[in-house]
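Residues per chain, in single letters:
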Amino acid sequence: MSKLLDSIKATAKSLNKRIVLPEGEEPRIIRAAEMITAEKIAQVTLLGDIAVMKEKCPEVCFDGIKVINPKTSDKKEEYTNILYALRQAKGLTREQAEELVTQNTLFYGALMVKNGDADGMVAGAINSTGNVLRAGLQVIKTAKGINTVSSIFILALPEGCPYGEKGIMVFGDCAVNPMPTAEQLADIAISSAENAKVIAGIEPKIAMLSFSTKGSAKHEVVTKVQQATARVKELAPHLNVDGELQFDAAIVPEVGQLKSPGSTVAGRANTFIFPDLQSGNIGYKIAQRLGGAEAIGPICQGFAAPINDLSRGCSAEDVVAVAAITCLQAANK
């Protein structure tokens, strides 16, 4: 495990946050709950039937783990009323709201967060990203001033790598938005900067990436990045952002100062906003596989309260790491 993850876990322990794991009958989630509780990373709530959990994982100690069965919960009516109020304008009936609360643990978990009964939610071990994000968007909604849910990967670089900050880079968006607009790119940049600070512990220097640097090429996708950069400066003037920049101009000091003289970001960037999902996903995997970076994520961002998605191939240890990250995000809300 990287020093960064060790640091994230240590910080999470000091926060005493409450994390709900909706996929509570999945063995990896049950084991992760035991590990999170034993390490005192967070207070954990598992959703599901305790008898099923114990049958699947008889070796697990449930001491300190809260278990809620949505079908029999004393919050069932309260949560149904909340969901109905949120979604009735979209055509949701009260009967449908009750069914979602009692039958869909993702919605129950999101409602716990919405109602202040949990600080964050982690799911996706057996649910698709779309289903996890849908519950978050319909119940939690986006953060004030942000209209886009997106993601980042935090890259812990190999020892001795001269780039990034403290051996860390942040890449966004690498997992959610295929073709973001200029407005969405600006949202992604603002959210990524916040998490660079909160999770990675670095002061963000944001490079809005392109195949062009400062007008060296003309194309509509270049224009989009230029517009996004201007929007970030307008919406968050406190952020240190520059664009559009090619990747070498963003990380190599000599190239950065040649192509963007006087820039406080060019050649020094640590937070990188890719113009589309294709380039972002390819970029982080190149850094991971060829560059030897450890990729932590995807970490979801843009919600009013933290909801994080897991890979369906995740291990119990992965769940523990994402839960710790979620605690840090919750402390910043």
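First, a word on scope: everything that follows refers to the structure included in this document. (Residues numbered from 1 in each chain as written. Predicted model: local features only at pLDDT ≥ 70, side-chain atom pairs only at ≥ 80, totals over all residues. Heavy atoms only, no water.)

## Quick word on the overall build of the chain
Basically, it comes down to this: We count a stretch as a helix when DSSP gives it H or I for four or more residues in a row; a strand needs E for two or more, and each element gets its number in order from the N terminus. Based on C-alpha atoms, the radius of gyration is set beside the globule rule, defined as 2.2 Å times the residue count to the power 0.38. Classification of residues uses two cut-offs on accessible area relative to the type maximum, computed with a 1.4 Å probe and protein chains only: under 20% is buried, over 50% is exposed, and between them is partly exposed. In this description, contact between two residues means that some pair of their heavy atoms is separated by no more than 4.5 Å. Only the protein chains shown count as cover for residues, and all accessible areas are computed by the Shrake-Rupley method using a 1.4 Å probe. In this tally, Lys and Arg are treated as positive and Asp and Glu as negative; His is ignored, and so are the chain termini. Working definition for charges: the position is that of NZ of Lys, CZ of Arg, CG of Asp or CD of Glu.
What the chain contains, in helices and strands, is 13 helices and 11 strands. Relative to its length of 333 residues, the chain is compact, with a C-alpha radius of gyration of 21 Å against a globular reference of 20 Å. In terms of overall dimensions, the chain has a C-alpha envelope of 65 × 45 × 30 Å along the principal axes. Taking all 333 residues of the chain together, the buried fraction comes to 53%. Excluding contacts between residues fewer than 6 apart, the proportion of contacts in the chain whose partners are at least 24 apart in sequence is 70%. Put simply, the chain shows about 14500 Å² of open surface, and 50% of that area lies on carbon and sulfur atoms. Charge separation in the chain, taken as the distance between the mean sites of 35 positive and 36 negative side-chain charges, equals 3 Å.

## Focus on the sheet that holds strand S6 (residues 168–172)
For the record, the criterion: Any two strands are treated as partners once DSSP identifies two or more bridges connecting them. In this analysis, axes come from line fits to C-alpha atoms, helices being fitted only over the stretch in contact, and the angle between any two N-to-C directions falls in the range 0 to 180 degrees.
One open sheet holds the six strands; their spatial order is S8-S7-S9-S6-S5-S10, and the pairing between them is mixed. The sheet is open, and its two borders are formed by strand S8 (240–245) and strand S10 (294–301), each paired with just one other strand. Here the strands of the sheet are splayed against their neighbours by 20° on average, with no regard to which way each runs. Each of strand S5 (150–156), S6, strand S7 (205–209), strand S9 (271–273) and S10 touches helix H8 (residues 182–198); the most contacted strand, S9, lies at about 160° to it.

## Structural notes on helix H1 (residues 3–15)
The condition is simple: Multiplying one less than the number of residues by 1.5 Å gives the expected span of a helix.
Here H1 is 13 residues long and its end C-alpha atoms lie 19 Å apart, about the 18 Å a rise of 1.5 Å per residue gives. Asn 16 sits one or two residues past H1 and shows a positive phi near 55°.

## Let's talk about the packing of aromatic side chains
Using the following cut-off: Aromatic pairs are defined between Phe, Tyr and Trp rings, using the six-membered ring for Trp, whenever the two ring centres lie within 6.5 Å; interplanar angles under 30 degrees are classed as stacked, those over 60 as edge-to-face, and all others as tilted.
This model, assessed by the stated rule, comprises six aromatic pairs. Ring geometry for Phe 171 and Phe 247: centres 6.5 Å apart, planes at 85°, overall edge-to-face. Taken as a pair, Phe 171 in strand S6 and Phe 247 in helix H10 (residues 247–251) lie far apart in primary sequence, 76 residues in all. The partly exposed category is assigned to Phe 247, whose relative accessible area is 34%. Here the aromatic cluster, defined as three or more aromatic residues joined through ring pairs, consists of Phe 171, Phe 247, Phe 272 and Phe 274.

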